[in-house]
Amino acid sequence: MGSRFTGSDASAIFVEADTNAADVASIAANQRPTSAFTINGTDADGGAVVFASARKVSVTTTSTNDAGKKATIIVGSLYFKTISGAVVSAQPAQNVSLGMSDAVAVNIYGGRARLQGTFIVCSTSAGILNFVTTGSTGASQLKLGTVASATVSRDVTIPDEGILFTDGIFLLYDVADFANMTVFHA
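Right, let's walk through the structure included here. Every value quoted in this text rests on a predicted model; they were computed, and no experiment measured them.

1. Things to note about the side chain of S101
So, point 1. Position of S101 among the secondary structure elements: in strand β9 (residues 96-109).
So, point 2. According to the relative accessible area criterion, S101 is buried, its value standing at 18%.
So, point 3. Here the side chain of S101 touches A103 through a polar contact of 3.2 Å, landing on its backbone nitrogen.
So, point 4. When near neighbours in sequence (up to four residues on either side) are disregarded, S101 contacts A22, R55, K56 and S58.

The following block contains the structure:
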C-alpha cells in the first residue's frame, strides 16, 4: 500500500525495478529427474528459492528429444516469487535446468482501484510497462513505453478519474525496462 495525500483519496507507491538478470540455473541446475527436481540452483537456499519480485520461470535443455515433456512448478501460475518444488511429466532425455527469466510482475494494489498516473525514471534499456488487472495473467489496461536513457523521466497523468482496474493493479515488465517509478492510484 502507498501513502495517502491529505484531502485526497489518491495514494502513491514507489516501485524500484528488479534488475536481477535472467539466470537459467537459478532454481535447479543440470538434472534428469524422474519426478521431482532438487531445488539446488544459484538462488536456492535450504531447498527453496525466493526472488526479490515475482518472475517467470525458464526451462532449458540441450536435448531435441524432450518435446512434449513439461516441468511444473508446485503452487503458482505464471509468475513466481517463492519456489519450493518442481516436477517433470517424464524423465528428460538430457539434463534440464530451471531458472528465472527477465519477465517480472509486481502487485501495485490488490483491490478495485483507479490508476491516475505515474512518474517513471527510465534506465539504459527501452521497454514496455504493461499495467494489467486481475493478476499477472489479466487483461492489459495500459501500456507505456520507456526510452533507453538513464537521464530521462516520464510523467504520465491520466485524465478525469483515471483508468479503472476492477480487480487489482499489476505491473508487468522485463528487467532493465526502467529504474524506478511512483504510481498514483485511488
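2. Examining the nonpolar core
So, point 1. Ranked by size, the top nonpolar core spans 25 residues in total, and within it F131, L171, F178 and M181 carry the most contacts.
So, point 2. Counting residues per element, the ones that place at least two in this core are β2 (11-16), β9, β10 (113-121), β11 (127-132), β12 (140-146), β14 (163-165), β15 (169-174) and β16 (180-185).
So, point 3. The element contributing the most residues to this core is β9, with four residues.

3. Some remarks on the side chain of N130
So, point 1. Mapped onto the secondary structure, N130 falls in strand β11.
So, point 2. Within the structure, N130 has its side chain in polar contact with the side chain of S140 (distance 2.6 Å).
So, point 3. Excluding residues within four positions of it along the chain, N130 makes contact with S140, L142, K143, F170, L171 and L172.

4. Details of the pairing of β10
So, point 1. Most of β10 sits out of view: seven of its nine residues are buried.
So, point 2. Where β10 and β14 come together, three bridges link them in antiparallel fashion. Note on β14: the bridge partner recorded for L115 is I163.
So, point 3. As paired elements, β10 and β16 share six bridges and run antiparallel to each other. Bridge pairing in β16 links G117 to F184.
So, point 4. Pairing between β10 and strand β13 (residues 153-157): five bridges, direction antiparallel. Note on β13: the bridge partner recorded for V121 is S153.

Cut-offs used in this document
Residues numbered from 1 in each chain as written. Predicted model: local features only at pLDDT ≥ 70, side-chain atom pairs only at ≥ 80, totals over all residues. Heavy atoms only, no water. Helix = DSSP H or I, 4+ residues; strand = E, 2+ residues; numbered from the N terminus. Buried < 20%, exposed > 50% of the residue type's maximum accessible area, 1.4 Å probe, protein only. Polar contact = N/O pair within 3.5 Å; in protein donor to acceptor, adjacent residues only side chain to side chain. Contact = heavy atoms within 4.5 Å. Core = buried A, V, L, I, M, F, W, Y, C linked by side-chain atoms within 4.5 Å. Pairing = 2+ DSSP bridges.

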